2 protein chains.
Amino acid sequence: MTTLKKVAEYAGVSTSTVSRVIAGKPYVKEETRRRVLQAVQELSYSPNILAKSLKEGRTNTIALMIPSIQNQMFPIVTRGVEDTARKYGYTVILCNTDENIEVEKEYIRKLQDRWIDGFIVGSMLPASDHIRKLKADGFPVVLTSRYYGDPIDAVIIDNHRAAYDAVSYLIKTGHEKIAIAVGRRQLSLYQQRLEGYLDALKDHGLPVDESLIMHETHGTNSFYGLTQKLLDNLIPDAIFATSDPKAIVVIRAIKDRGLRIPEDISVIGIDDIEMSALIEPPLTTVSQPLYKIGALAAKKLIALIEHKNKSKDPPAPVVDVLETELIIRKSTARRK
Amino acid sequence: MTTLKKVAEYAGVSTSTVSRVIAGKPYVKEETRRRVLQAVQELSYSPNILAKSLKEGRTNTIALMIPSIQNQMFPIVTRGVEDTARKYGYTVILCNTDENIEVEKEYIRKLQDRWIDGFIVGSMLPASDHIRKLKADGFPVVLTSRYYGDPIDAVIIDNHRAAYDAVSYLIKTGHEKIAIAVGRRQLSLYQQRLEGYLDALKDHGLPVDESLIMHETHGTNSFYGLTQKLLDNLIPDAIFATSDPKAIVVIRAIKDRGLRIPEDISVIGIDDIEMSALIEPPLTTVSQPLYKIGALAAKKLIALIEHKNKSKDPPAPVVDVLETELIIRKSTARRK
DNA sequence: GTGAAAGCGCTAACAT
DNA sequence: ATGTTAGCGCTTTCAC
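Not measured: the values here are computed from a predicted model. (Residues numbered from 1 in each chain as written. Chains lettered and ligands numbered in written order. Predicted model: local features only at pLDDT ≥ 70, side-chain atom pairs only at ≥ 80, totals over all residues. Heavy atoms only, no water.)

**Quick notes on the relation of the copies chain B and chain A**
Right, so step 1: Overlaying chain B on chain A yields an RMSD of 0.1 Å, the required transformation being a rotation through 180 degrees with an accompanying axial translation of 0.0 Å. Read as a symmetry element, the transformation amounts to a two-fold axis. In terms of C-alpha distance to the rotation axis, chain B has B:Ile93 as its closest residue, with the C-alpha 2.3 Å off the axis.
Right, so step 2: Comparing interface residues between copies, 100% of those in chain B also lie at the interface in chain A; the contact surface is shared. (Least-squares fit on C-alpha atoms with pLDDT ≥ 70 in both. Contact = heavy atoms within 4.5 Å.)

Okay, structure coming up:
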């Protein structure tokens, strides 16, 4: 283990001089600098970040909290975060919370003790008061995807509008009996998507049929059974899934029932994950810029962190709403 | 910020006593212990892990290096790693290398400076000498998936056998013209899977037809074009994809050609990722225990780390070969 | 320009 | 059973 001290001895200077050279600070004679650099080279010294962090009170590490990396939305978001973090010299710690608020809390506690510089939270629940406390305690926090109106920076999409666009498209292409697969109601993003669906129906003069509304019971896969049950009673013109993973399960259920997509039933989703274009039929969906969401969240968080280092008050939170786009593929077709 | 010292003053004892109590060490009078715990409570003290790490020379952090979390194999492996790490009190840093050896090197350097306790490497390339050096320098390292016979702990599957099983199954169910989609040759796991294919053919008296062998050119998606080109010349009985993501692309290409699966062409893969059961038709594949691979790798790595703390010599590396299993679904059908 | 020395918060001999 | 003290490796005043 080569330390600063050894380099100093080797170069015949003091540790503070070496420190200055390493940090690229001024007020070092050119010749001295050269000698130190030489020593660094020859001893192949590299600084101990831990000691540096202890001294400086920051670790250049951020945490990314998500429900689960197995949800296909998150690998892309994660790449956005990680690529950006790396670009700025930060490392990221990945935390899967499984929607379990206790796991989330435990992570927060542990990471605070580690002096994590900031948090990107994609797993926020209405009850996640520990996240709010984090922010209130002055920790840099950026929310993604899930946002409940708190005074915290966030990167989201307009969920109501994405759903409204999807359902309007179905209506305009002649669908009338439109079912919906809604995710957990406690997540406002699903609540908003449900409302987008309801409003689209209303605005186009279509009635709301409660029996066409499927509510998630226990995970995404529950839509397999729910769809089967729905089909026992009636065949809708279309099913709007409030996320692509749900759409994929819905499609599986429809096919296992011997029905064709889009001939018998159209299916539309929201997300545009990688698989959406690859499944059969390729899924019509409203894309959200997942990579960009991650990248922007990371960028904002890092800005917050650097700002904090200059010890000003935290700036007023800003919520970025990114654009979504309807991607028409083969899982929907004109009716009548 | 509450520190040990403040707790000590508050409780009217020395810092070492507080340290002892926190660490649960013996030789502390029951009443003193209670008083300290009380102080810890009231000041809501929690230790600074950074300082502790600096002192102890270990960080309870491990790095997981993978090609990309966007490759659908890795979210599952990652969950295995992370769940296990958390259970043992470790945090994991996620590193996507994009198969870029420079990125890998940069990560290693950065993480060494951070005093990462150990590495799980799922991105090993034949040229990854920096990983070998890591191990040689005494760092705990565990390899997953990719293994080139180095004296390093590893968790892998028998690739030759997995491929052999897949192809043998095709042959036994009447397929003769069997094409193969082979991943990058420089990765021995694909080389081995190719050999498994070749040997299965040989053992069953089938000829090898070079024109049936598709080699990956630039990423998984290149198999879309390769498959199309293959189908221009001939329609094989089956296509063996050396991984499920490749199988999914191959299926897309076949369908876009207007051919049916399995009626016209059977398709078989290796992996059994979550999507494999959901696509149309559900994919016949040889499953590998991805979660278990991650979990076992983490467990082994942690054992290595704890062993190292007792400062014995590192134990001889052991390579664990986990079982694979043929999962028959709907993408293959009996011929003739 | 450069060096001495204090201290970030903790642990672990060593003393008592 | 408890306290004193010397670092872990680094940065940063403050002198010179």
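**Considerations on the interface of chain B and chain A**
Right, so step 1: Taken together, the contact between chain B and chain A spans 50 residues of the former and 50 residues of the latter.
Right, so step 2: Contact between chain B and chain A buries roughly 4600 Å² in total, counting both sides, with carbon and sulfur atoms accounting for 55%.
Right, so step 3: Ranking the residues of chain B by area buried against chain A places B:Leu50, B:Arg79 and B:Arg114 at the top, with a combined share of 15%.
Right, so step 4: Counting across the chain B and chain A interface gives six salt bridges.
Right, so step 5: In this structure, B:Arg252 engages A:Glu280 in a salt bridge whose closest nitrogen and oxygen atoms are separated by 2.8 Å.
Right, so step 6: When its residues are assigned to classes, the side of chain B that touches chain A shows 25 nonpolar, 13 polar and twelve charged. (Buried area = accessible area lost by both parts, 1.4 Å probe. Salt bridge = Lys/Arg side-chain N within 4 Å of Asp/Glu carboxyl O. Nonpolar A, V, L, I, M, F, W, Y, C, P; charged D, E, K, R; others polar.)

**Comments concerning the pattern of salt bridges**
Right, so step 1: One pass over the full model with this rule turns up 42 salt bridges over all chains.
Right, so step 2: A salt bridge links A:Arg252 to A:Asp256, with the nearest nitrogen and oxygen atoms 2.8 Å apart. Of the two residues, A:Arg252 and A:Asp256 both sit in helix H11 (residues 244-256), four residues apart, roughly one turn of that helix.
Right, so step 3: Of the residues examined, A:Asp256 reaches a relative accessible area of 40% and is grouped as partly exposed.
Right, so step 4: Among the ionic pairs, B:Asp83 bridges to B:Arg79, the shortest N-O distance being 3.1 Å. Of this pair, B:Asp83 and B:Arg79 both sit in helix H5 (residues 74-87), four residues apart, which is roughly one turn of that helix. This pair shows no difference in class: B:Asp83 is buried, exactly as B:Arg79 is.
Right, so step 5: A network of salt bridges, in which partner residues are shared, links A:Arg79, A:Asp83 and B:Asp98. (Helix = DSSP H or I, 4+ residues; strand = E, 2+ residues; numbered from the N terminus. Buried < 20%, exposed > 50% of the residue type's maximum accessible area, 1.4 Å probe, protein only.)

**A short note on the packing of helix H1 (residues 4-11) of chain B against helix H2 (residues 15-23) of chain B**
Residues and elements named next belong to chain B.
Right, so step 1: Running from amino to carboxyl end, H1 crosses H2 at an angle of 105 degrees, the nearest separation of the two axes being 8 Å. When the interaxial angle is binned, H1 and H2 end up roughly perpendicular. Facing Leu4, Lys5, Val7 and Ala8 of H1, the residues of H2 in contact are Thr15, Val18 and Ser19.
Right, so step 2: The residue makeup of the contact of H1 with H2, split by class, is four nonpolar, two polar and one charged. (Axes fitted to C-alpha atoms, helices over the stretch in contact; angles between N-to-C directions. Parallel < 35°, antiparallel > 145°, perpendicular 65-115°, else oblique.)

**Re the domain arrangement of chain A**
All names here are of chain A.
Right, so step 1: Here chain A is partitioned into domain 1 (4-47), domain 2 (55-157 + 290-322) and domain 3 (159-288).
Right, so step 2: Here the C-alpha centroids of domain 2 and domain 3 sit 30 Å apart.
Right, so step 3: Across the boundary between the two partners, domain 2 contributes 15 residues, which contact 14 residues of domain 3.
Right, so step 4: Contact between domain 2 and domain 3 buries roughly 1200 Å² in total, counting both sides, with carbon and sulfur atoms accounting for 57%.
Right, so step 5: The largest per-residue losses of area from domain 2 upon contact with domain 3 belong to Gln72, Ile157 and Leu290, which jointly make up 45% of the total buried on that side.
Right, so step 6: Between domain 2 and domain 3 we count one salt bridge in total.
Right, so step 7: Among the ionic pairs, Arg184 bridges to Glu99, the shortest N-O distance being 3.2 Å.
Right, so step 8: If you look at where domain 2 meets domain 3, you find four residue pairs in polar contact (both at pLDDT 80 or more).
Right, so step 9: The class makeup of the residues in the side of domain 2 that touches domain 3 is ten nonpolar, three polar and two charged. (Domains from an automatic or database assignment. Polar contact = N/O pair within 3.5 Å; in protein donor to acceptor, adjacent residues only side chain to side chain.)

**A closer look at the sheet that holds strand E7 (residues 213-215) of chain B**
All names here are of chain B.
Right, so step 1: Judged by pairing direction, the sheet is mixed, and its six strands sit side by side in the order E7-E6-E8-E9-E10-E12 without closing on themselves. Looking at strand neighbours, the two that pair on one side only are E7 and strand E12 (325-327), the edges of this open sheet. Shown here is a sheet whose adjacent strand axes are inclined to one another by a mean of 15 degrees, direction ignored.
Right, so step 2: As paired elements, strand E8 (residues 238-241) and strand E9 (residues 266-271) share three bridges and run parallel to each other. (Pairing = 2+ DSSP bridges.)

**Description of the protein's contact with DNA strand C**
Right, so step 1: Within the structure, DNA strand C sits among 26 residues, and A:Thr17, A:Arg20, A:Thr32, B:Leu4 and B:Tyr45 are positioned closest to it.
Right, so step 2: Considering the 4 Å shell around the protein, atoms of DNA strand C inside it are sugar or phosphate in 62% of instances.
Right, so step 3: Contacts to DNA strand C include A:Lys55, whose side-chain N or O atom sits 3.0 Å from a base nitrogen.
Right, so step 4: Within the side chain of B:Lys55, a nitrogen or oxygen atom sits 3.2 Å from a base oxygen of DNA strand C.
Right, so step 5: Grouping the constituent residues of the surface near DNA strand C by class yields nine nonpolar, nine polar and eight charged. (Near = heavy atom within 4 Å.)

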